[in-house]
Amino acid sequence: MDSSNPTARHRVPLRGAVNPTSVSEGTTPGSFALAPDIGGPRTYSSPDTPGMPAPSEKTAHDFQADPRDAASAVTQLEKARLGMVTPEMRRVADREPHLTAEQVRAEVAAGRMIVPANTVHLGYRLDPMAIGRASRTKINANIGASPVSSGTEEEVDKLRWAVRWGADTVMDLSTGGDLDACREAILRDSTVPIGTVPLYSMILGRRIEDLTHNVILGTLEHQAKQGVDYFTVHAGVLRQHLKYVEKRLIGIVSRGGSLLAKWMLVHGQQNPMYEIFDDICDLMREYDVSFSLGDGLRPGGLSDATDDAQLAELETIAELTERAWAKGVQVMVEGPGHMPFDQIEYNMKLERRLCHGAPFYVLGPLVTDVFPGYDHITSSIGATAAAYHGASMLCYVTPKEHLGLPKQEDVKQGCVAYKIAAHAADVALGIPGTRNWDDELTKARAALNWQEHFDLAFDTDTARAFHDEDLDVDTDFCAMCGHDWCSVRISKEIVEFASGKTQAFAWDKPKLSDALTPTQRQILEQRGVLSPEEVHRLASKTRQAVGAGEGEKASCHSDNVDDAGDAQSLQERELVQIGG
């Protein structure tokens, strides 16, 4: 019988990916992704399932028109092609410690990474970042006032809230109120790149049929001067593509795509965005506004995914990517949408081939259509797969998707769901250091160091509030198992095991936890599990509240860790009893 370790016997598929922890603690053999190829088409990449499209051999270098000299270079792409490492690229490297500034420059020059940084916005509060598969996966949050809800002040609050919960970029999709004032306020307040769909402003106060080339260029120039970092431009929806939409169950779900389809049908002419695309490039180059080439024919239901309409538009977007690169403009590509889970890898890798590795920015995808109210979950499942297979940025979906305008709590839920998806994909891809955070929390959990556990959690307040809802004493067990059944406590007590013995996370005996903060109190009040009196006790607890007089200690299992009877008594008093 083979005497080698089980991981060798079972041929665990290690392909050279970097171990996502920088200190290689624990026992997992590491990422199953491909070895990193920074400077090549597979920077951090999943292994290709048989039949997947191979990467393109071309990059943005192959579509460079007349090379500019250093004095006339404006965009990050132009400067990168000239070998210049800009201050923005250096800042990106500071924020992406697994990359050097030179690697950032090389990826930008190849078109596989963008640094969306309007020269005007750089004069405000923008903190430069990068979108590309060599960098960590980014998430975008959509905000925006509608004709029936919200306004400028509320949208600025949403911007701050989205950034608080991890949004790397924010799109202002306002369609109501004072769009110009709202956009200006957001740009001056934002430290993250801001994107827009300028078409929404183009038709404000006019019918879509009245859209002209001059209106298009005038609106784009105005928003570029305001400081917008990237524009969604639906130039890939062509008149000849519309025949492919006729039998779709849900037709065109993109607002921009549907508006331009109507314009083409009314006028019997080609998409005006496509017709003047070179002029749009020249204007965007002047302010270093990046393209987010819009997926106007993205599928809006599983029944319409990976169809002729979607793929025809992607082929046109590939052409537009090459044309924008020739003009020196940075490009990312927008993608689906609603899509069965089994089709995600193919779509990610088809874009990688057709668009020569330009960053892919996807909405979800949503992997089922029947959970309205929970689409932040259905879509984050697809988003994890999309990022693992090549997407660079994930556009969040909130619980209000398909139902209404997101409110503050919806923005938080969308951001958290997508931070989970992005982080899970980065760990799987073997991006160096991405698992360090997980391992630190694991060590705190193994040591039963509750406070450190909560401090390391992405959402400290929710973790603490959920724990204290059942048991507000930081004991050496939790309310899930109780003392006698706690596997973590038992493992920690086994001398031969390393589990729970990391000195940096060691702590003294468990103790009564602090009173709930206002935020934690609000979380429990909204859950509605505890009575108002119980929530009030947790929010204002004192030594007397747990039976301790002046100069006495509050009694909990931490004082009698070897006394099973006392532990059982504590459980009966403090824990929610099931089936009793």
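Conventions adopted
- Residues numbered from 1 in each chain as written.
- Predicted model: local features only at pLDDT ≥ 70, side-chain atom pairs only at ≥ 80, totals over all residues.
- Heavy atoms only, no water.
- 1 Å grid on protein atoms, 1.4 Å probe; cavity = no way out; pocket = protein on both sides within 12 Å on 5 of 7 lines; lining within 4 Å.
- Points joined across faces, edges and corners; volume = space filled by probe spheres on them.
- Helix = DSSP H or I, 4+ residues; strand = E, 2+ residues; numbered from the N terminus.
- Nonpolar A, V, L, I, M, F, W, Y, C, P; charged D, E, K, R; others polar.
- Salt bridge = Lys/Arg side-chain N within 4 Å of Asp/Glu carboxyl O.
- Buried < 20%, exposed > 50% of the residue type's maximum accessible area, 1.4 Å probe, protein only.
- Expected span 1.5 Å × (residues − 1).
- Contact = heavy atoms within 4.5 Å.
- pLDDT = per-residue confidence, 0-100.
- Phe/Tyr/Trp six-rings, centres within 6.5 Å; stacked < 30°, edge-to-face > 60°.
- Lys NZ or Arg CZ within 6 Å of the ring centre and 35° of its normal.
- Arc of directions from axis to C-beta.
- Axes fitted to C-alpha atoms, helices over the stretch in contact; angles between N-to-C directions.
- Parallel < 35°, antiparallel > 145°, perpendicular 65-115°, else oblique.
- Left-handed = near helix turned anticlockwise from the far one by under 90°.
- Core = buried A, V, L, I, M, F, W, Y, C linked by side-chain atoms within 4.5 Å.

Of the pockets and cavities examined, the largest pocket occupies roughly 1200 Å³. What lines the largest pocket is a set of 43 residues, and nearest its centre among them are Trp165, Val416, Lys419, Phe458 and Asp459. Elements that contribute at least two residues to the lining of the largest pocket include exactly helix 3 (87–95), helix 5 (152–164), helix 15 (408–429), helix 16 (436–446), helix 18 (460–470) and helix 20 (518–527). If one sorts the elements of the lining of the largest pocket by residue count, helix 15 sits on top with 11 residues. For the lining of the largest pocket, a count of residues per class yields 16 nonpolar, 12 polar and 15 charged. The space that makes up the second largest pocket amounts to roughly 1000 Å³. Together, 45 residues line the second largest pocket, and Asn142, Leu173, Arg255, Arg298 and Glu401 are the ones closest to its centre. Mapped by element, the contributors of at least two residues to the lining of the second largest pocket are strand 3 (138–143), helix 9 (255–267), strand 8 (331–335) and strand 9 (360–363). Ranked by residues supplied to the lining of the second largest pocket, first place goes to strand 9 with 3 residues.

Once that is clear, we can look at the pattern of salt bridges. Under the criterion given, the structure shown has 33 salt bridges. Among the ionic pairs, arginine 133 bridges to aspartate 426, the shortest N-O distance being 3.3 Å. One end of the pair, arginine 133, is in the loop between strand 2 (131–132) and strand 3; the other, aspartate 426, is in helix 15, with 293 residues separating them in the sequence. What makes aspartate 426 buried here is its relative accessible area of 4%. Taken together, the shared-partner salt bridges connect Arg42, Asp48, Glu345, Lys349 and Arg352 into one network.

Okay, helix 5 next. The terminal C-alpha atoms of helix 5, which comprises 13 residues, lie 18 Å apart, in line with the 18 Å expected from a rise of 1.5 Å per residue. Buried residues along helix 5 sit against strand 3, strand 4 (169–172), helix 6 (179–189), strand 5 (194–196) and helix 15. Phi turns positive one or two residues past the end of helix 5, at glycine 166, with a value near 105°.

Turning to the confidence of the model for the protein chain, a few remarks are in order. Where the model shows low pLDDT, its predicted coordinates should not be examined in detail. Looking at the protein chain as a whole, its pLDDT mean stands at 90, while 92% of the residues score no less than 70. Segment residues 542–564: pLDDT under 50, and 32 contacts once partners within four positions in sequence are set aside and those in other chains are kept. Here residues 574–580 is a poorly scored stretch, pLDDT under 50, and it has 10 contacts once near neighbours within four places are set aside; other chains count.

In this section: the packing of aromatic side chains. A full pass over the atoms with the stated rule returns 6 aromatic pairs. Ring centres of phenylalanine 277 and phenylalanine 291 lie 4.9 Å apart, and the angle between their planes is 20°; this geometry places the pair in the stacked category. Of this pair, phenylalanine 277 sits in helix 11 (residues 277–287) while phenylalanine 291 sits in strand 7 (residues 290–293); the two residues are 14 residues apart in sequence, bridging distant segments of the chain. Centroid distance tryptophan 450 to phenylalanine 454: 5.9 Å. Interplanar angle 35°. Geometry classified as tilted. Remark: phenylalanine 454 and tryptophan 450 occur in helix 17 (residues 450–456); sequence separation between them is 4 residues, near one turn of the helix. Relative accessible area serves as the criterion here: at 3%, phenylalanine 454 is assigned to the buried category. Among the aromatic residues, those joined into a ring-pair cluster are Trp161, Trp165, Trp437 and Phe458. Against the face of tryptophan 165 rests arginine 164, its NZ or CZ located 3.7 Å from the ring centre. For arginine 527, the ring lying beneath its charged end belongs to phenylalanine 466, and the centroid distance is 4.2 Å.

This paragraph deals with helix 9. An ideal rise of 1.5 Å per residue puts 18 Å on 13 residues; helix 9 measures up with 19 Å between its terminal C-alpha atoms. Of all the positions in helix 9, only Gly256, Gly257, Leu260, Ala261, Trp263 and Met264 are classed as buried. Down the axis of helix 9, the buried side of the element spans an arc of 160°, and every buried residue falls inside it. On its buried face, helix 9 sits against helix 7 (199–202) and helix 10 (272–275). Glycine 268 occupies a position one or two residues after helix 9 and carries a positive phi of about 65°.

Turning our attention to the packing of helix 8 (residues 213–226) against helix 11. Running from N to C, helix 8 and helix 11 point in directions that differ by 15°, and their axes come no closer than 10 Å. Compared by their axis directions, helix 8 and helix 11 come out roughly parallel. Viewed along their axes, helix 8 and helix 11 form a crossing whose handedness is right-handed. Residues Ile216, Leu217, Leu220, Glu221, Ala224 and Lys225 of helix 8 form the contact with helix 11, whose own contacting residues are Asp279, Ile280, Leu283 and Tyr287. Of the residues in the contact of helix 8 with helix 11, the class split is 7 nonpolar, no polar and 3 charged.

Turning our eyes to something else, we now look at the nonpolar core. Grouped together as the largest cluster of nonpolar side chains are 101 residues, with contacts concentrated most on Val170, Leu199, Leu211, Met273, Phe291, Leu394 and Cys415. When residues in this core are grouped by element, the largest group, 8 residues, is from helix 15. If we ignore the near neighbours within four places in the chain, the residues touching leucine 394 are Thr137, Lys138, Ile139, Asn140, Tyr361, Val362, Gly364, Ala383, Ala387, Tyr418, Ala421 and Ala422. Residues Met89, Ala101, Leu126 and Ala130 belong to the second largest nonpolar core, which totals 15 residues.

A word on empty space enclosed by the protein. Enumeration over the complete set of coordinates arrives at 6 cavities of 30 Å³ or more. Of the voids in this model, the largest cavity is the one considered here, and its volume is about 190 Å³. For the largest cavity, the lining is made up of 21 residues, of which Pro41, Arg133, Arg352, Gly357 and Gly390 are closest to its centre. Examining the composition of the lining of the largest cavity, we find that 3 residues originate from one element, helix 13 (residues 344–354), more than from any other. Residues that form the lining of the largest cavity fall into these classes: 8 nonpolar, 7 polar and 6 charged. Around the second largest cavity, the lining residues are Asp295, Arg298, Gln310, Glu313, Leu314, Ile317, Glu334, Gly335, Pro336, Asn347 and Phe360. Elements supplying a minimum of two residues to the lining of the second largest cavity: helix 12 (308–326) and strand 8. Counting residues per element, the lining of the second largest cavity draws most heavily on helix 12, which supplies 4 residues. For the lining of the second largest cavity, the per-class residue count stands at 4 nonpolar, 3 polar and 4 charged.

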